[in-house]
Amino acid sequence: MGKQVLYIEMDNCIGCRSCLAACTQCGGHDNRNRNYVLDVDPFISRQTIPLMCFHCVNPACARSCPAQAIQIADNGAVLSALVEKCIGCQNCTIACPYGIPKFDEEQNLMYKCDLCYDRTKEGIPPMCASVCPTNTLQWIEEAELEEKRAQIPLANRKWTASHDPDVLEGETNVKISLPGILQGKQKLF
């Protein structure tokens, strides 16, 4: 089996928030939701989009951590801060260009989507992808991702985020097909 990635096909999102409920049930998440579903423009459209950690290849959250509490797993998952190392400085929450890491004041600890590492390291889809009824969130092999890319007209392709000056954080391990409502045409990152 080849490397698997989380692929988000945002046009499919119906705002059911099943991914949010499933996230709280993943092992080690302590009933905390680590992803979000946003309304794109509630006065114009019913378009919603899931938002979760993009698991950057060179994550700003990890680079900004003076205690090296944020580890990157072998599958590219950027993990929540290690309890024994996190000093509660909150640099990671400020550094992330996507606003993903959250800070728990009571536990003095940063938490975020960890791509359900306890599941994905075994090849099992993250909880959010395993319950998504519209295949907005898909746990797929890179070969299948390439097939999806080939189906998008060449003029609409945007693939490697590190070559795109409009992307804040460079290449990510989560791949996204942005909704047409946001881009005017489909683009795949």
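Procedures and definitions
Residues numbered from 1 in each chain as written. Predicted model: local features only at pLDDT ≥ 70, side-chain atom pairs only at ≥ 80, totals over all residues. Heavy atoms only, no water. Helix = DSSP H or I, 4+ residues; strand = E, 2+ residues; numbered from the N terminus. Buried < 20%, exposed > 50% of the residue type's maximum accessible area, 1.4 Å probe, protein only. Contact = heavy atoms within 4.5 Å. Areas by Shrake-Rupley, 256 points an atom, 1.4 Å probe, with all protein chains shown as cover. pLDDT = per-residue confidence, 0-100. Polar contact = N/O pair within 3.5 Å; in protein donor to acceptor, adjacent residues only side chain to side chain. Pairing = 2+ DSSP bridges.

The name recorded for the chain in an unreviewed UniProt entry is 4Fe-4S ferredoxin, from Brevibacillus formosus.

A. Representation of the overall build of the chain within the structure. For the chain, the helix and strand inventory stands at 7 helices and 8 strands. A buried classification covers 50% of the 189 residues belonging to the chain. Considering only contacts within the chain whose residues lie at least 6 apart along the sequence, 60% involve residues at least 24 apart. When the accessible surface of the chain is totalled, it reaches about 9,700 Å², and 49% of it is carbon and sulfur.

B. Fine view of the confidence of the model for the chain. Averaged over every residue, the pLDDT of the chain is 84; the share at 70 or more is 84%. Across residues 159-168, confidence stays below pLDDT 50; counting only partners more than four residues off in sequence or on other chains, it has 17 contacts. Low pLDDT, under 50, characterises residues 181-189; the predicted model gives this stretch 31 contacts beyond four residues in sequence or across chains.

C. Focus on unusual backbone geometry. The phi dihedral of Leu115 is positive, around 60°, even though this residue is not glycine. Locating Leu115 in the fold gives a position in the loop between strand 5 (109-111) and helix 4 (117-120). For Leu115, a relative accessible area of 7% gives the class buried. Positive phi, normally seen in glycine, also occurs at Asn135, with a value near 60°.

D. Representation of the side chain of Gln138 within the structure. Locating Gln138 in the fold gives a position in strand 6 (residues 137-141). Take Gln138: its relative accessible area is 9%, and that puts it in the buried class. For Gln138, the side chain forms a polar contact with the side chain of Glu9, separated by 3.4 Å. If we skip the residues at most four places from it in the chain, Gln138 touches Val5, Leu6, Tyr7, Glu9, Ala129 and Lys148.

E. Structural view of the pairing of strand 1 (residues 4-9). Counting buried positions over the 6 residues of strand 1 gives 6, a clear majority of the element. Here strand 1 shows two buried faces, one formed by Gln4, Leu6 and Ile8 and the other by Val5, Tyr7 and Glu9. In this structure, strand 1 lies alongside strand 6, joined through 5 bridges in antiparallel fashion. By the bridge assignment, Ile8 is partnered in strand 6 with Leu137.

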